Amino acid sequence: MEQDFIENRTFDEIQVGDSATIERRLTMDDIKLFAIMSGDVNPAHVDEDFAKSTRFQEIIAHGMWGGALISTVLGTELPGPGTIYLGQTLRFKAPVGLGDVLRVHVKVLEKDPGKNGIKFDCRCTNQDDRDVIVGVADVLAPTEKIRRPRTIMPRVRMAERARLHELLHAATHPEPVSMAVVHPVDTQSILGAYESARAGLIHPVLIGPEDRIRAAADEAEVDISDFELVPVRHSHAAAEEAVSLTRSGRIESIMKGSLHTDELLRAVLARESGLRTERRISHVMAFDVPTYPRPLFITDAAINIYPSLADKMDIVQNAIDLAHAVGNEDPKVAILSALETVNPKIQSTLEAAALCKMAERGQITGGTLDGPLAFDNAVSEAAAKTKNIVSPVAGKADILLAPDLEAANMLMKQLTYLADATGAGIVLGARVPIVLTSRADDAITRMASCALALLAADYQKKKGR
């Protein structure tokens, strides 16, 4: 891998009008790490219940978090290494909330040749191009050229609540997806749609009983006046209307609100009026596991109870396509069983071997498959080495295909409750991605699932599917 370097611009190289910019999305981990470092545990920043009682009605970033990002630009981009900070004025014009993307911009206002001093205009704006912080910085610029290997800092994980940072970052660039939110008559459904829209991930279309949707919004203390609302009498009608709008081309994704999964899928899978494709639909869960060095996809823990070999072919392909959508061009697929050798008495080992052969013959494309593999061999290179397993997948799996729904569901919940993993999931194989939320999902988990749906829909669009 090519070495990454950090390089400055000297006083003589810098001209009035030169500028530099970075962008950063605010996560709860950013707030907590800043609180740990500074000792500022003001409940407006770290206590969700208290924050709801403040004028902003939500957790907001410490003001100096944005100020620290200005220092980041000056110290690493312009002028860069060797810069000496002399002074900084700051005016805080608007709060920064969870999911906001801060654009930090510095621009050279004037130079003082006698002292090698430079005055910078500093401006932080959010995703709505609204000024959040403005000010002026005075620095001493370096006079000698500095070019050093960029120090790779250790990756910090918050043990109590890991987040899908890479996923949300990847979803920053595509246009928001139009999403039908089906029967959002509880606070979590409304908050999930509201926060996802606020983060620029979706354009929500709320479908359900109007009075109950508005009551849920009032209880959640959010303004949904800018959202399209399609009134229907009950949850069955909401599911059918969402499918109808999708078939007409108005909707690019669907999110389950406060209704049963079977109720939504019944409308999606209706043979004549639904959203079927030639693919079997399946659920993929994207996990951020603190003890694993890469995102981990698990399938299928929600749809296919005892999938056949043909079903598994589609389930694997759906997961591979999702991995492509989030930027993994060659995902490694581990086909799980109880052991790593083919045993005629264990059906999952036979199917694993068949799936690998199908991949070799081009029936499954876009990924590297191996199996059967026991779970330890799939995720631990040390375990694979101990058993003398030579494989491009063993110990490096990006996707875990479980033998059946029971195994996938147990694996998913074990990672959640024993390994502090955070997951976001969607259903693939229909005409559009479908976000299947759980009653236990909070707004931020729903937002991560919406990010997955956005990336999947954008990928399908680019592939012409």
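See above for the structure.
Residues numbered from 1 in each chain as written. Predicted model: local features only at pLDDT ≥ 70, side-chain atom pairs only at ≥ 80, totals over all residues. Heavy atoms only, no water.

Structural notes on the overall build of the protein chain
Part 1 of the reasoning: Each helix and strand counted, the protein chain has 15 helices and 18 strands in total.
Part 2 of the reasoning: Against the 2.2 N^0.38 benchmark of 23 Å for 465 residues, the protein chain shows a C-alpha radius of gyration of 25 Å, consistent with a compact globule.
Part 3 of the reasoning: With respect to the principal axes defined by its C-alpha atoms, the protein chain has extents near 80 × 60 × 40 Å.
Part 4 of the reasoning: For the protein chain, with 465 residues in total, the buried portion stands at 51%.
Part 5 of the reasoning: Excluding contacts between residues fewer than 6 apart, the proportion of contacts in the protein chain whose partners are at least 24 apart in sequence is 72%. (Helix = DSSP H or I, 4+ residues; strand = E, 2+ residues; numbered from the N terminus. Rg over C-alpha atoms; globule rule 2.2 N^0.38 Å. Buried < 20%, exposed > 50% of the residue type's maximum accessible area, 1.4 Å probe, protein only. Contact = heavy atoms within 4.5 Å.)

A short note on the packing of aromatic side chains
Part 1 of the reasoning: The full count for this structure, using the stated rule, is one aromatic pair.
Part 2 of the reasoning: Each ring, one from Tyr-194 and one from Phe-227, has its centre 6.5 Å from the other, and the planes form 50°; the classification is tilted. Placement of Tyr-194 in helix α6 (residues 187-198) and of Phe-227 in the loop between α7 (210-220) and β10 (228-231) is noted, with a sequence separation of 33 residues between them.
Part 3 of the reasoning: Overall, Tyr-194 belongs to the partly exposed group, its relative accessible area being 23%.
Part 4 of the reasoning: For Phe-227, a relative accessible area of 17% translates into the label buried. (Phe/Tyr/Trp six-rings, centres within 6.5 Å; stacked < 30°, edge-to-face > 60°.)

Some thoughts on the pattern of salt bridges
Part 1 of the reasoning: On inspection of all chains with the given rule, the structure shows 22 salt bridges.
Part 2 of the reasoning: Where Asp-311 meets Arg-280, a salt bridge forms, and the shortest distance between an N and an O atom there is 3.8 Å. Taken as a pair, Asp-311 in helix α10 (residues 309-325) and Arg-280 in the loop between α9 (261-268) and β12 (282-288) lie far apart in primary sequence, 31 residues in all.
Part 3 of the reasoning: For Asp-311, a relative accessible area of 17% puts it in the buried group.
Part 4 of the reasoning: Within this structure, Glu-7, Glu-13, Lys-145 and Arg-147 form a network of salt bridges that share partners. (Salt bridge = Lys/Arg side-chain N within 4 Å of Asp/Glu carboxyl O.)

Focus: the packing of α10 against helix α11 (residues 347-360)
Part 1 of the reasoning: Following both chains from N to C, one finds α10 and α11 inclined at 55°, their axes separated by 10 Å at the closest point. In terms of their interaxial angle, α10 and α11 are classed as oblique. The way α10 lies across α11 gives a crossing that is right-handed. Within the contact between the two elements, α10 uses Leu-309, Lys-312 and Met-313 and α11 uses Glu-351, Ala-354, Leu-355 and Met-358.
Part 2 of the reasoning: In terms of residue class, the contact of α10 with α11 is built from five nonpolar, no polar and two charged. (Axes fitted to C-alpha atoms, helices over the stretch in contact; angles between N-to-C directions. Parallel < 35°, antiparallel > 145°, perpendicular 65-115°, else oblique. Left-handed = near helix turned anticlockwise from the far one by under 90°. Nonpolar A, V, L, I, M, F, W, Y, C, P; charged D, E, K, R; others polar.)

Remarks on the side chain of Asp-30
Part 1 of the reasoning: Here Asp-30 lies in helix α1 (residues 28-38).
Part 2 of the reasoning: Of the side chains bearing the opposite charge, Arg-24 lies closest to the buried Asp-30, which forms no salt bridge; the N-O distance is 4.3 Å.
Part 3 of the reasoning: A distance of 3.0 Å separates a polar atom in the side chain of Asp-30 from the backbone nitrogen of Thr-27.
Part 4 of the reasoning: In this structure, Asp-30 is in contact with Arg-24, Arg-25 and Trp-65, ignoring residues within four places of it in sequence. (Lys, Arg positive; Asp, Glu negative; His and termini not counted. Polar contact = N/O pair within 3.5 Å; in protein donor to acceptor, adjacent residues only side chain to side chain.)

What to know about the environment of Lys-32
Part 1 of the reasoning: Looking at the secondary structure, you find Lys-32 in helix α1.
Part 2 of the reasoning: On the basis of relative accessible area, Lys-32 is assigned to the buried category, the value being 18%.
Part 3 of the reasoning: Residues Lys-32 and His-45, spaced 13 residues apart in sequence, show a C-alpha to C-alpha distance of 8.3 Å.

What about the pairing of β10?
Regular strands have side chains that alternate between both faces of the sheet.
Part 1 of the reasoning: With four bridges connecting them, strand β9 (residues 202-208) and β10 associate as parallel partners. Looking at β10, one finds that Ile-207 is bridged to Val-230.
Part 2 of the reasoning: With α7 bridging β9 and its parallel neighbour β10, the resulting β-α-β unit is right-handed. (Pairing = 2+ DSSP bridges. Right-handed = clockwise from strand over helix to strand, strands pointing away.)

Quick look at the state of the cysteines
Part 1 of the reasoning: Counted by the stated rule, this structure contains zero disulfides.
Part 2 of the reasoning: Summary of cysteine pairing: Cys-122 is not part of a disulfide, and the nearest cysteine sulfur, belonging to Cys-124, is at 7.8 Å. (Disulfide = S-S within 2.5 Å.)

Considering the nonpolar core
Part 1 of the reasoning: In this structure, Met-179, Ile-190, Leu-206, Ile-224 and Leu-369 are the most contacted members of the largest nonpolar core, which totals 52 residues.
Part 2 of the reasoning: A total of nine residues in this core trace back to one element, the largest contributor, which is helix α15 (residues 443-463).
Part 3 of the reasoning: Those residues in contact with Ile-190 that lie beyond four places of it in its chain are Pro-184, Leu-206, Ile-213, Ala-216, Ala-217, Ala-220, Val-222 and Ile-224.
Part 4 of the reasoning: If you look at the next biggest cluster of nonpolar residues, it comprises 32 residues, including Ile-70, Leu-74, Val-106 and Cys-122. (Core = buried A, V, L, I, M, F, W, Y, C linked by side-chain atoms within 4.5 Å.)

Section: the side chain of Glu-263
Part 1 of the reasoning: With respect to the helices and strands, Glu-263 occurs in helix α9.
Part 2 of the reasoning: Summary of buried charges: Glu-263 has no salt-bridge partner, and the nearest side chain of opposite charge, Arg-266, is 6.0 Å away.
Part 3 of the reasoning: Once you skip the residues sitting within four places of it in the chain, Glu-263 turns out to touch Ser-235, His-236 and Ala-239.

Examining the sheet that holds strand β5 (residues 117-125)
Part 1 of the reasoning: Ordered in space as β2-β4-β5-β6-β3, the five strands form an open sheet in which the pairing is antiparallel. Pairing within the sheet leaves two strands with one partner each, and these edge strands are β2 (19-25) and β3 (84-92). Neighbour to neighbour, the strand axes of the sheet diverge by 20° on average, direction disregarded.
Part 2 of the reasoning: Of the pairings in the sheet, the one linking β3 to strand β6 (residues 131-140) comprises eight bridges and is antiparallel in character. By the bridge assignment for β6, Tyr-85 is matched with Val-139.

A look at unusual backbone geometry
Part 1 of the reasoning: Between Leu-78 and the following residue, Pro-79, the backbone shows a cis peptide bond with an omega angle of 0°.
Part 2 of the reasoning: Among the structural elements, Pro-79 can be located in the loop between α4 (63-76) and β3.
Part 3 of the reasoning: Look at the link from Thr-299 to Asp-300: it is a cis peptide, with omega at 0°.
Part 4 of the reasoning: Among the secondary structure elements, Asp-300 is positioned in the loop between β13 (296-299) and α10.
Part 5 of the reasoning: The backbone phi angle of Asp-129 is positive, close to 65°, even though this residue is not glycine.
Part 6 of the reasoning: What makes Asp-129 exposed here is its relative accessible area of 63%.

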